[in-house]
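Structural overview for review
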Amino acid sequence: MRLLLLVNESASSVTPRSRVVIQKALSADHDVTLAETSRRGHATRLAQGAAADGVDVVVVLGGDGTLNEAANGLARTACALAPLPGGSTNVFARTIGLPNDPIEATGGLLDALARRSIRRVGLGSVNGRYFLFHTGVGFDAAVVEQVERRAGLKRYAGHPLFVYAGFDTWIRHYDRSRPRFAVHHADGTVIDDAYLTIVLNTNPYTYLGNRPLDLAPEATLDRGLASITLRTMAFGRTMRIIASALRSGAVLRRSRWVDHRTDLAALSVRAYGPVPYQVDGDHLGDAEQLDLRHEPEVLDLVLP
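All of the points below concern the structure found in this document. (Residues numbered from 1 in each chain as written. Predicted model: local features only at pLDDT ≥ 70, side-chain atom pairs only at ≥ 80, totals over all residues. Heavy atoms only, no water.)

So, the packing of helix α2 (residues 42-52) against helix α3 (residues 64-74)
What describes two packed helices is the angle between their axes and the distance between those same axes. Heads up, the rule is: Every axis in this analysis is a line fitted to C-alpha atoms, fitted for helices over the stretch in contact. Angles between the N-to-C directions lie between 0 and 180 degrees. Working definition: helices are DSSP H or I runs of at least four residues, strands are E runs of at least two. Numbering for both runs from the N terminus. It is the rotation of the near helix from the far one that decides the hand of a crossing: anticlockwise by less than a right angle makes it left-handed, clockwise makes it right-handed. Here, two residues are considered to be in contact whenever any of their heavy atoms come within 4.5 Å of each other. Each residue gets one of three labels, nonpolar for Ala, Val, Leu, Ile, Met, Phe, Trp, Tyr, Cys and Pro, charged for Asp, Glu, Lys and Arg, and polar for the others, Gly among them.
The N-to-C vectors of α2 and α3 enclose an angle of 40°; their axes lie 7 Å apart at closest approach. The chirality of how α2 crosses α3 is right-handed. The residues of α3 that touch α2, namely those facing H42, A43, T44, A47, Q48 and A51, are T66, E69, A70, N72, G73 and L74. Within the contact of α2 with α3, the residues separate by chemical class into five nonpolar, six polar and one charged.

Put into structure tokens, the structure is as follows:
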């Protein structure tokens, strides 16, 4: 098979050694071309070019942001996406069952390619941008923004940096004095007192070390979107909700302060002024209107 190995050299877990080892392993059985991303959005253009050139699979060695860009370049084409974990968290690669070590994961990828284990899956979209696993609006995105301000620490601090950024955002960088937006659902329901919404295409939402944060087990690549909306930012209530997500998530989904919905085809966010949002862990700025949709069967994905 013809493969493009797309590498983000600045990703947290990518080293010169791992890149060389992975390229040699893939080249043993496949025709491999190497390309490196050099700026934001570059992976999308490289993936689009690969699809237009008849490449069979784009293998992405990088973090979730690079993977998202590649997915946006490959959606609705015949070229498949194959993740390899190269970032600090690697949510999507771990969600589909790959080990968190990139070299070990390469063995699983080679087995999947040998079996032709490629399946057409659904994605979410927000204002026309595809997402693999989630979009976050409000407080969640404000935390991601603070993490990106300290991007140089991600390679070394990783998950502790996210925890620190969460508390720092809570104290200094997010207005918790009032609801920030309303969530409009297709059945006419409006949640008009929202502080945070996470719309999921898969579960878990993320990982803290080896612990998954399970917000919506119903969210899978074969079903519609799931949404979790927090209607409070009171410290005690919010901490109980987070603690529930680190266990089964049952308390979270029963809480009167949480609106939990599954199998959604579409929903929209209308903000009371600009509100931050993030897609697959990348902060994309502020918006006052976000339209989210489930897009079934739009991406060929290599599955271990």
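Topic: the pairing of strand β13 (residues 225-230)
For a regular strand, side-chain orientation follows a simple rule: the groups alternate between the two sheet faces. Our working rule: Summary of the burial criterion: residues with accessible area below 20% of their type's maximum are buried, those above 50% are exposed, and those between are partly exposed, where the area comes from a 1.4 Å probe applied to protein chains only. Two strands pair under a simple rule: DSSP has to find at least two bridges between them.
Most of β13 is tucked away, with six of its six residues classed as buried. Judged by which residues are buried, β13 turns out to be covered on both faces: L225, S227 and T229 on one side and A226, I228 and L230 on the other are all buried. Pairing between strand β10 (residues 196-200) and β13: five bridges, direction antiparallel. Note on β13: the bridge partner recorded for L200 is A226.

Some remarks on a nonpolar patch on the surface
For clarity, the cut-off: Two distance rules govern patches: like charges are joined within 9 Å, and nonpolar side chains (Val, Leu, Ile, Met, Phe, Trp, Tyr) within 5 Å, applied only to residues with over 30% relative accessible area and no salt bridge. We get accessible surface area from the Shrake-Rupley algorithm with a probe of 1.4 Å; when it comes to residues, only the shown protein chains can shield them. The salt bridge definition used is simple: a Lys or Arg side-chain nitrogen within 4 Å of an Asp or Glu carboxyl oxygen.
A surface patch of nonpolar side chains, about 470 Å² in accessible area, is lined by V163, F167, I171, L208 and F235. With three residues, the single largest contributor to the nonpolar patch is helix α8 (residues 159-173). Within the fold, F235 resides in helix α9 (residues 235-245).

Treat this as a map of the structure, not an account of what it does.
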